[in-house]
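Chains, contacts and geometry: an overview
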Amino acid sequence: LILLACGSFNPVTNMHMRLFELARDHLHQTGQYRVIEGIMSPVNDDYGKKGLVSARHRIAMAKLALETSDWIRVDPWESEQETWTETVKVLRFLMHYIFPVVLQHFLDTSNTFQTNFKDKLSRKPSKNRNLSFPFVFPVLPELKLLCGADFLQTFKTPNLWKEEHIKEILEKFGLVCISRAGSDPAQYINESDLLMKFQHNIFLVKEWIQNEISATQIRYALCRGLSVKYLIPDSVISYIAHHNIYTEESERKNEGDLLQPLKLH
């Protein structure tokens, strides 16, 4: 299984990275999945969110933050498009163009898989076994959208999502939702006929150690010259200081604008 998180990452925080770790632990504990990669996909500049700084900076900060991870990476495709791209299209792109490369890399580098595969090849098939299938091939990985539980609430915002896109995400991919204080994802599901229909493909993950780091609050602190150490990686703090990214002026960017999906829909 591969996890994809789409968002502003403005800036990337320790909590953003914790989402991946929490999701991987939960999915491994089900005994049904092995998470082989996590992907951060920063949103395009045209999204129109207030205070959204250039994707060039958000990509660079995310790469710095993930230097300590051996399984999560940044994918710039979404941010490099000419305009804002709907989340379902990012999922489709990764499924069709990235998956073959990821799967091949996984098979080439997984010592455990190679050992087991060679062991099964060397065994003599029993008389009762179908000679055409002496071993089981690995399944193709699934792709699931990783998010905070409050993400489910956005499905109810008029014109923010197309219903057919929500259905495709739930039916073809699935969600892994991390709980947050003040949100009740089970209630959000119960209140939606569409979410109820596909609740088997929605994984709810409990965050037992509450960590309510907000990128918005971090930007406010930076604008006021306050410390954000231990909330975001030191490498990101240094990058922000060097480029003087978050200022009162940057916070006014896109002020009063509608989000791009609301404009289009």
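Residues numbered from 1 in each chain as written. Predicted model: local features only at pLDDT ≥ 70, side-chain atom pairs only at ≥ 80, totals over all residues. Heavy atoms only, no water.

**Description of the environment of histidine 200**
- Along the chain, the position of histidine 200 falls in the loop between helix H9 (193–197) and strand E6 (202–205).
- When the C-alpha positions of histidine 200 and glycine 174 are compared, they lie 8.7 Å apart, and in sequence the two are 26 residues distant. (Helix = DSSP H or I, 4+ residues; strand = E, 2+ residues; numbered from the N terminus.)

**What about the environment of tyrosine 220?**
- By the secondary structure assignment, tyrosine 220 is in helix H10 (residues 215–223).
- With 27 residues separating them along the chain, tyrosine 220 and threonine 247 place their C-alpha atoms 8.6 Å apart.

**Focus: the packing of aromatic side chains**
- Under the defined criterion, the tally for this structure stands at seven aromatic pairs.
- Measuring from ring centre to ring centre gives 5.5 Å for phenylalanine 151 and tryptophan 161, while their planes differ by 80 degrees; the resulting arrangement is edge-to-face. Placement of the pair is phenylalanine 151 in helix H6 (residues 151–154) and tryptophan 161 in the loop between H6 and helix H7 (163–173), with a sequence separation of ten residues. Judged on exposure class, the residue phenylalanine 151 and its partner tryptophan 161 are both buried.
- Tryptophan 161 gets classed as buried once you look at its relative accessible area, which sits at 18%.
- Each residue in the set Phe151, Phe155 and Trp161 is aromatic and connected to the rest through ring pairs, giving one cluster.
- The aromatic ring of tryptophan 208 is capped on one face by lysine 206, whose charged end is 5.6 Å from the ring centroid. (Phe/Tyr/Trp six-rings, centres within 6.5 Å; stacked < 30°, edge-to-face > 60°. Buried < 20%, exposed > 50% of the residue type's maximum accessible area, 1.4 Å probe, protein only. Lys NZ or Arg CZ within 6 Å of the ring centre and 35° of its normal.)

Any functional reading would require information that these geometric values do not contain.
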